[in-house]
Amino acid sequence: MEHTTDRRPPMKRTAQDPRHLLGVYLNDHLAGAGAGIALVKRTARAHRGTDAGPRLAALAGEISEDRDSLREVMMALDVPANDLRMLLGMAVAQAGRLKPNGRLLSRSPLSDVLELEAIRLGVEGNKELWRTLHTLARSDPLLDAEAMGRLLARAERQADTLEALRLAAVGRALRSAPGAAPAAPRHGAGRAPKAGWAS
């Protein structure tokens, strides 16, 4: 009697497989984190020596740690990093340096507003990432629910800090002087608002 061995090929993950989709999702966030870190570091350098500088530098450090935490999650879930997505993310970060701000060769107060809005959007995305993983951790023993909760809380604090910085930048760049009459401005009212952090 001939003995046979059941050698079934390993199951491949299809495009609709939840684990495959989770891998795509995590890699998208990993690529976005790389672009976000580049932007926040650049913004922190631009505001070095100002009141906002230390807060932005601290945020840059925290967001870098968040990316490391995401890599650890991916390793725990056996999700490989997609190098192509990472390269695309960095390309997007470099393209962001060309965003119009009303000046060709120098920063303007509007640069602060645009950059802080972009960083805030990235942090909001991180909040949803950690919220998603915190939810998945309820049924996946490979995920640490407490750690995901701490990362979510930190992202919420980061968003609050960025919103305060953004509103301050809006006030410097876009808000008219109190009581100024557009039709007949007082002497000096037509001058550009002085930027607190922009050079």
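It should be noted that the structure appears before, not after, this text.
Residues numbered from 1 in each chain as written. Predicted model: local features only at pLDDT ≥ 70, side-chain atom pairs only at ≥ 80, totals over all residues. Heavy atoms only, no water.

Caption draft 1: Highlighting the overall build of the protein chain. Counting its regular elements, the protein chain contains 5 helices and 0 strands. Shown N-terminal to C-terminal, the secondary structure of the protein chain runs as helices and strands in the order α-α-α-α-α. Total accessible area on the protein chain is roughly 12800 Å²; 57% of this is exposed by carbon and sulfur atoms. (Helix = DSSP H or I, 4+ residues; strand = E, 2+ residues; numbered from the N terminus. Areas by Shrake-Rupley, 256 points an atom, 1.4 Å probe, with all protein chains shown as cover.)

Caption draft 2: Examining the packing of helix H2 (residues 52-76) against helix H4 (residues 109-136) more closely. One can describe the packing of H2 onto H4 by two numbers: an axis separation of 12 Å at closest approach and a directional angle of 35°. Here the hand of the crossing between H2 and H4 comes out left-handed. Where H2 abuts H4, its residues Leu56, Ile63, Asp66, Ser69, Leu70 and Val73 lie against Leu116, Val123, Asn126, Leu129, Trp130 and Leu133. Residues belonging to the contact of H2 with H4 are distributed by class as follows: 9 nonpolar, 2 polar and 1 charged. (Axes fitted to C-alpha atoms, helices over the stretch in contact; angles between N-to-C directions. Left-handed = near helix turned anticlockwise from the far one by under 90°. Contact = heavy atoms within 4.5 Å. Nonpolar A, V, L, I, M, F, W, Y, C, P; charged D, E, K, R; others polar.)

Caption draft 3: Layout of the side chain of His29. With respect to the helices and strands, His29 occurs in helix H1 (residues 18-46). In contact with His29, not counting residues within four places along its chain, are Leu70, Gly125, Asn126 and Leu129.

Caption draft 4: Inspection of the packing of H1 against H4 at higher detail. Where H1 contacts H4, the two axes come as close as 10 Å, and the packing angle between them is 145°. In the packing of H1 onto H4, the handedness of the crossing is left-handed. Seen from H1, the contacting residues are Leu22, Tyr25, Leu26, His29, Leu39, Val40, Arg42 and Thr43; seen from H4, they are Glu115, Ala118, Ile119, Gly125, Asn126, Glu128, Leu129, Thr132, Leu133 and Leu136. Of the residues belonging to the contact of H1 with H4, the class tally is 10 nonpolar, 5 polar and 3 charged.

Caption draft 5: Representation of helix H5 (residues 145-174). The end-to-end C-alpha distance of H5, which contains 30 residues, comes to 42 Å, matching closely the 44 Å that a straight helix rising 1.5 Å per residue would cover. In this structure Asp144 caps H5, since a side-chain oxygen of it lies 3.0 Å from the backbone nitrogen of Glu146. (Expected span 1.5 Å × (residues − 1). Polar contact = N/O pair within 3.5 Å; in protein donor to acceptor, adjacent residues only side chain to side chain.)

Caption draft 6: Spatial organisation of the nonpolar core. Counting 19 residues, the largest nonpolar core has Val40, Leu56, Leu116 and Leu162 as the members making the most contacts within it. Elements that contribute at least two residues to this core include exactly H1, H2, H4 and H5. Examining the composition of this core, we find that 6 residues originate from one element, H5, more than from any other. Not counting residues within four places of it along the chain, the set of residues in contact with Leu56 comprises Val40, Thr43, Ala44, His47, Leu116 and Leu165. By size, the runner-up hydrophobic cluster in this structure holds 18 residues, among which are Val73, Leu77, Trp130 and Leu143. (Core = buried A, V, L, I, M, F, W, Y, C linked by side-chain atoms within 4.5 Å. Buried < 20%, exposed > 50% of the residue type's maximum accessible area, 1.4 Å probe, protein only.)

Caption draft 7: The arrangement of the pattern of salt bridges in detail. Across all of its chains, the model carries 9 salt bridges by this definition. Residue Arg154 is joined to Glu65 by a salt bridge in which the shortest nitrogen-to-oxygen separation is 3.0 Å. Pair noted here: Arg154 is in helix H5 and Glu65 is in helix H2, with a separation of 89 residues, a long-range link. Taking the relative accessible area as the measure of exposure, Arg154 reaches 16% and is therefore buried. Its relative accessible area of 42% is what places Glu65 among the partly exposed residues. For the salt bridge of Arg166 with Glu117, the shortest nitrogen-to-oxygen distance reads 3.5 Å. Placement of the pair is Arg166 in helix H5 and Glu117 in helix H4, with a sequence separation of 49 residues. (Salt bridge = Lys/Arg side-chain N within 4 Å of Asp/Glu carboxyl O.)

Caption draft 8: Representation of H1 in the model. With 29 residues, H1 extends 42 Å from end C-alpha to end C-alpha; this agrees with the ideal 42 Å at 1.5 Å per step. Between a side-chain oxygen at the N-terminus of H1 and the backbone nitrogen of Arg19 the separation is 3.1 Å; the capping residue is Asp17.

Caption draft 9: Examining unusual backbone geometry more closely. Look at Asp78: it is not a glycine, yet its phi comes out positive at around 60°. Relative to the elements of secondary structure, Asp78 occurs in the loop between H2 and helix H3 (83-96).

Caption draft 10: Up close: the environment of Arg157. As for its position among the elements, Arg157 is in helix H5. Assessed through its relative accessible area of 51%, Arg157 is described here as exposed. Taking the C-alpha atoms as reference, Arg157 lies 9.8 Å from Val123; in sequence the two are 34 residues apart.

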